[in-house]
Protein chains: 2
Amino acid sequence: MARNTNPSELRAAILDEARECLIAEGYLSLSMRKIARAVGCTATSIYLYFQDKDDLLHALINEGMERLHNQLLGSLDGVQDPVQRCHKLCRSYLEFALENRQYYEVMFLLHPAHMKRYPKELYRRARRNLDLFADALAAVKGRPGSEEKEDLRSAHVIWAQIHGAVSLHHSQRLDVNIDVLGFMDAVVDNAVGHLLCKQDEAS
Amino acid sequence: MARNTNPSELRAAILDEARECLIAEGYLSLSMRKIARAVGCTATSIYLYFQDKDDLLHALINEGMERLHNQLLGSLDGVQDPVQRCHKLCRSYLEFALENRQYYEVMFLLHPAHMKRYPKELYRRARRNLDLFADALAAVKGRPGSEEKEDLRSAHVIWAQIHGAVSLHHSQRLDVNIDVLGFMDAVVDNAVGHLLCKQDEAS
DNA sequence: CCGTTAACTTTACACTGTTAACCGAAAAAT
DNA sequence: ATTTTTCGGTTAACAGTGTAAAGTTAACGG
């Protein structure tokens, strides 16, 4: 590759190609040499701009987290009813998972032993997505502030429900007789419905 | 390795070593050469008894499925109440997942692109585990036989809930502030509670 | 014009799963 | 009893993988 005065140009090209390759073929076939070949440099050149393969992957994961965050925020636009907001968040998360399969996989499905620890600062940003759920749940109960811990747990329960469904779907473990979209509807209903149930109990 | 008259002896040794290695170090560090070294033969000898690495892994997955099946069946022993039976199944599944982490990972977490298709016959056996859930659900509703499809879907919803929780836990994506056991209790309660909710509605 | 800096490449290492060719001892056949 | 065949197991090799160390060469500062 020709010498490059602008030092960030190659870095951007690598990231672009990595993203494209990820989306097109999945993270399993993401190889340093393959990216390099497509970008027109050598595999070791990537190490000039990324500490290692994980570092490159972390950058992509972060991109995905930002996209998800924006999508979640967008889904709340103009929605006032607390329960409705929870519902919107769930559907939006689900939509993201189904429409950005490869992103979702590196973000939430990739086994951590495959990768070194996700950097603290990036984690903090990603964590905002979970907070969105927890906040929405707190709003449902009306009394904000208190019971933070319980809201966090409830957010995790909902997350686990949807993530589990997506995870089974992506890994093709759902029975063939299952209608995927109908199943996903049931999953969201169950995740949010559980709240309404508890809500009813409380009132 | 010395010549072996009994042809299945080496095969058993390989399988034993593979299982041990899986449990001790996880499927990521399962390598043909490593297994062979531990067993005292060469890597290519494994191909005399297993079609490829996936075939070997399938054998281990099947083992896990059988163990899970026995555990699930055992948990129902002497339990009559239909709702209780659902509860027992959930707790038993959860217990298996937490206590047999490495098995669970190859059984339910391993990305299918990592592996060739799970053989049909083995799948049929594994599928019995899901059927256990579906049957238990059907019993709750009282009217057995009808609504099979809905029971299957409900079983998947519950499965997704628990699997999601386990999956997030195993991949260390649960927030550090979450008490794992308490969280898992909430998850099971939610999964089964959802049934009771519906049950109440119906009556 | 020379010396330094730094962008990029070459080479190499230790791995991975897997195939093809080979070896040699046991079993079968003559 | 000697030859032939079978087959359990090994060796060598291929095409990959991520990555560290060393080498090259173009651009820039004095």
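Residues numbered from 1 in each chain as written. Chains lettered and ligands numbered in written order. Predicted model: local features only at pLDDT ≥ 70, side-chain atom pairs only at ≥ 80, totals over all residues. Heavy atoms only, no water.

Visitor: Tell me what's going on with the interface of chain A and chain B, and back it up with residues and numbers.
Guide: With 45 residues of chain A at the contact, the number on the chain B side is 45 residues. Interface of chain A and chain B: buried area, both sides summed, is about 3,700 Å²; carbon and sulfur atoms make up 60% of it. Where chain A meets chain B, there are two salt bridges. Along the contact surface separating chain A from chain B lie 18 residue pairs in polar contact (both at pLDDT 80 or more). Elements supplying a minimum of two residues to the side of chain A that touches chain B: α5 (101-109), α6 (120-141), α7 (148-170) and α8 (180-202) of chain A. Of the residues forming the side of chain A that touches chain B, the biggest block, 14 residues, is contributed by α7 of chain A. Grouping the constituent residues of the side of chain A that touches chain B by class yields 22 nonpolar, 14 polar and nine charged. (Contact = heavy atoms within 4.5 Å. Buried area = accessible area lost by both parts, 1.4 Å probe. Salt bridge = Lys/Arg side-chain N within 4 Å of Asp/Glu carboxyl O. Polar contact = N/O pair within 3.5 Å; in protein donor to acceptor, adjacent residues only side chain to side chain. Helix = DSSP H or I, 4+ residues; strand = E, 2+ residues; numbered from the N terminus. Nonpolar A, V, L, I, M, F, W, Y, C, P; charged D, E, K, R; others polar.)

Visitor: Explain the domain arrangement of chain A to me, using residue names and the numbers behind them.
Guide: Residues and elements named next belong to chain A. Once the domains are mapped, chain A shows domain 1 (1-50) and domain 2 (52-202). Centre-to-centre separation of domain 1 and domain 2, based on C-alpha positions: 30 Å. Counting residues at the interface gives 15 residues for domain 1, matched by 13 residues for domain 2. Of all residues in domain 1, the largest losses of buried area upon contact with domain 2 belong to Leu22, Tyr27 and Phe50, amounting jointly to 43% of the total for that side. Between the two partners, domain 1 and domain 2, sit one salt bridge. (Domains from an automatic or database assignment.)

Visitor: Residues and numbers for the side chain of Asp54 of chain B, please.
Guide: Residues and elements named next belong to chain B. Along the chain, Asp54 falls in helix α3 (residues 53-75). For the buried Asp54, no salt bridge is present, and the opposite-charge side chain at shortest range is Lys116, 5.3 Å distant. Engagement of the side chain of Asp54 in a polar contact is seen with the backbone nitrogen of Lys116, the distance being 3.0 Å. When near neighbours in sequence (up to four residues on either side) are disregarded, Asp54 contacts His114, Met115 and Lys116. (Buried < 20%, exposed > 50% of the residue type's maximum accessible area, 1.4 Å probe, protein only. Lys, Arg positive; Asp, Glu negative; His and termini not counted.)

Visitor: Describe the relation of the copies chain A and chain B, and please don't skip the residues or the numbers.
Guide: Mapping chain A onto chain B is achieved by rotating through 180 degrees and translating by 0.0 Å along the same axis, at an RMSD of 0.0 Å. Accordingly, the operation relating the two chain copies is best matched by a two-fold axis. Among all residues of chain A, the one whose C-alpha sits closest to the rotation axis is Gly164 of chain A, at a distance of 1.7 Å. Counting the interface residues of chain A, we find that 100% of their copies in chain B are interface residues as well, pointing to one common contact surface. (Least-squares fit on C-alpha atoms with pLDDT ≥ 70 in both.)

Visitor: Explain the environment of Lys149 of chain B to me, and be specific about the residues and the numbers.
Guide: By the element assignment, Lys149 of chain B lies in helix α7 (residues 148-170). Separated by 38 residues in the primary sequence, Lys149 of chain B and His111 of chain B have C-alpha atoms spaced 27 Å apart.

Visitor: Let's hear about the protein's contact with DNA strand C: which residues, and what values?
Guide: In the vicinity of DNA strand C, 21 residues are found, and the nearest of them are Met1, Ser45 and Tyr49 of chain A together with Arg33 and Tyr47 of chain B. Backbone atoms, meaning sugar and phosphate, form 50% of the atoms of DNA strand C found within 4 Å of the protein. One of the side-chain nitrogen or oxygen atoms of Thr42 of chain A is found 2.9 Å away from a phosphate oxygen of DNA strand C. Between a phosphate oxygen of DNA strand C and a main-chain N or O atom of Lys53 of chain B, the distance comes to 2.9 Å. Residues that form the surface near DNA strand C fall into these classes: nine nonpolar, six polar and six charged. (Near = heavy atom within 4 Å.)

Visitor: Describe in detail the pattern of salt bridges, supporting the description with residues and values.
Guide: Between side chains of opposite charge, a pair can form when the charged atoms approach closely. Across all of its chains, the model carries 24 salt bridges over all chains by this definition. For Arg19 of chain A, the salt bridge identified is with Asp16 of chain A, shortest N-O distance 2.3 Å. Taken together, the residues Arg19 of chain A and Asp16 of chain A, both in helix α1 (residues 7-25) and three residues apart, mark about one turn of the helix. Residue classification places Arg19 of chain A among the buried positions, given a relative accessible area of 19%. Between Asp175 of chain B and Arg127 of chain A there is a salt bridge, and its shortest N-O distance comes to 1.9 Å.

Visitor: Would you mind going over empty space enclosed by the protein in detail, with residue names and values included?
Guide: This structure, assessed with the given rule, holds three cavities of 30 Å³ or more. Residue lining of the largest cavity: 22 residues in total, with Leu109, Leu110 and His111 of chain A together with Leu109 and His111 of chain B positioned closest to the centre. Elements with a minimum of two residues in the lining of the largest cavity: α5 of chain A together with α5 (101-109) and α7 of chain B. Grouping the amino acids of the lining of the largest cavity by side-chain chemistry returns nine nonpolar, nine polar and four charged. (1 Å grid on protein atoms, 1.4 Å probe; cavity = no way out; pocket = protein on both sides within 12 Å on 5 of 7 lines; lining within 4 Å. Points joined across faces, edges and corners; volume = space filled by probe spheres on them.)

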